[in-house]
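Structural overview
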Amino acid sequence: MKIGLVGLGKMGYQLALNMRDHHFEVVAYDTSKEVMEDLGNQGIMTVGSYQEMVKNLPKPRVIWLMVPSGDILESVLHNFKALLDKEDILIDGGNSNYLDSIRHYELLKNEGIDFIDCGTSGGLDGARNGACLMVGGEEEVVNKVESLFSSIAMTNGYGHMGKPGSGHFVKMVHNGIEYGMMQAIGEGFDLMHNSRFSLDYETVTRVWGHGSIIESALIDNVHSAVKKDAKLDKIIGRVDDSGEGQWMIEDALRSKVSMPAITSALFARYKSKDDDRFSEKIVAAMRNEFGGHKVYKK
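Source: prediction; values computed, not measured.

Attention now goes to the packing of helix 9 (residues 166-193) against helix 14 (residues 278-291). Taken N-terminus to C-terminus, the directions of helix 9 and helix 14 make an angle of 130 degrees; their axes are 7 Å apart at the nearest point. The angle between helix 9 and helix 14 places the two elements in the oblique class. In the crossing of helix 9 with helix 14, the sense of the turn from one axis to the other is right-handed. From helix 9, Glu 178, Met 182, Gln 183, Ile 185, Gly 186, Glu 187, Phe 189, Asp 190 and His 193 reach across to helix 14, where they touch Phe 278, Ser 279, Glu 280, Ile 282, Val 283, Met 286, Arg 287 and Phe 290. Counted by class, the contact of helix 9 with helix 14 contains eight nonpolar, four polar and five charged residues.

Next comes the structure, spelled out in structure tokens:
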């Protein structure tokens with residue numbers, strides 16, 4: 001199978017290599033010529049325009065988008081809408097609002113173009129070595145490219161969630177839960193940081209990462225971070241949010257579902273921008289470890 005891949009940022013770049021390793025032919029595009037040159041040196045075909053990508057893909061074409069939600073995604077979608085033919089497939093693998101994904105499905109359906117929303121998790125390591133994929137779309141359409149999803153995902157890490165929009169909905173919920181879990185871990189470390197004990201966080205996280213009830217990838221992320229900087233003295237406890245937590249809370253308000261832990265975690269991220277707490281350092285460090293998200297350094 002030959003796949004078009006648009007967007008070679010932190011996740012898209014690793015996905016391109018993952019696809020290549022599983023014997024998919026990748027035709028890649030990014031606005032950064034430097035990134036495209038680097039990927040080209042690794043045996044992946046790159047093109048200079050959407051038009052060139054479309055010309056180099058067999059019908060029905062399959063194009064995977066890894067671009068930021070909002071104006072950039074809207075622009076890319078409308079450009080491809082004018083270039084693609086009926087039964088071509090566009091996959092949105094970014095962090096899009098599921099309501100936008102439903103709208104995009106309907107927009108493209110009117111043109112006979114198929115659309116799949118794919119929530120992508122697992123951070124940079126997952127994108128490279130085995131992602132977690134939550135897919136939404138018409139069953140017949142998803143079946144056409146299921147081999148792609150199952151190949152680049154880790155074992156049991158791919159699932160068809162349901163109708164269009166469901167993949168990004170499940171990913172939104174996933175990220176909201178992540179907010180709450182990370183905040184709880186951060187607050188626990190804040191208490192240890194302010195305790196009477198001189199604790200070695202590398203030892204704490206090593207032990208917690210082997211058999212404890214809270215053993216997890218997030219604890220492993222903290223372990224990796226404190227091995228590099230024992231007390232996280234080099235970073236500022238400022239944590240950005242990428243939107244999914246807010247979308248989830250807005251959806252909870254519409255559905256009248258109580259979510260106090262996740263709501264508090266989002267508000268803590270807002271508060272972190274003007275208060276340097278150790279809990280926020282822990283959360284910032286975790287996000288940097290698993291996703292390469294920006295950390296603010298002293």
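Another point: the sheet that holds strand 2 (residues 25-29). Read from one edge to the other, the open sheet built from eight strands follows the order 3-2-1-4-5-6-7-8, with strand pairing classed as mixed. The sheet is open, and its two edges are formed by strand 3 (45-46) and strand 8 (153-162), each paired on a single side. Across five bridges, the pairing between strand 6 (residues 114-121) and strand 7 (residues 131-136) is antiparallel. What sits directly across from Thr 120, in strand 7, is Leu 133. Of the strands in this sheet, strand 5 (89-92) and strand 6 are in contact with helix 5 (residues 98-109), which crosses strand 6 at around 155 degrees. Those strands touched by helix 9 are strand 5, strand 6, strand 7 and strand 8, and its axis lies near 20 degrees from that of strand 6.

Here Ile 219 lies in helix 11 (residues 217-228). Ile 219 sits in the buried class, given a relative accessible area of 0%. Measuring from C-alpha to C-alpha, the distance between Ile 219 and Val 204 comes to 9.6 Å, with 15 residues separating the pair along the chain. Apart from the residues within four sequence positions on either side, Ile 219 is in contact with Ile 185, Thr 205, Trp 208, Gly 209 and Ile 214.

Reading the values: the criteria
Along each chain, residue indices are assigned from 1 in the same order as the chain's sequence is written. Only residues with pLDDT of at least 70 get local features here, since the model is predicted, and only at 80 or more are side-chain atom pairs given and counted; chain-wide, interface and lining totals rely on the full set of residues. To get the side-chain values, all heavy atoms of the structure are used, and hydrogens and water are removed first. Angles shown run from 0 to 180 degrees and are taken between the N-to-C directions of axes, each axis being a line fitted to C-alpha atoms and, for helices, limited to the stretch in contact. Secondary structure elements are taken from DSSP: a helix is a run of H or I of four residues or more, a strand is a run of E of two residues or more, and numbering for both begins at the N terminus. In this scheme, roughly parallel covers angles under 35 degrees and roughly antiparallel covers those over 145, while 65 to 115 is roughly perpendicular and the rest are oblique. Left-handed describes a crossing whose near helix is turned anticlockwise from the far helix through less than a right angle; right-handed describes the clockwise counterpart. Contact definition: two residues touch when any of their heavy atoms are within 4.5 Å. Residue polarity follows a fixed list, in which Ala, Val, Leu, Ile, Met, Phe, Trp, Tyr, Cys and Pro are nonpolar, Asp, Glu, Lys and Arg are charged, and the others, Gly among them, are polar. Strand pairing follows a simple DSSP-based rule, namely that at least 2 bridges must link the two strands. A 1.4 Å probe rolled over the protein chains alone gives each residue an accessible area, and that area as a share of the maximum for its type sets the label: buried under 20%, exposed over 50%, partly exposed in between.

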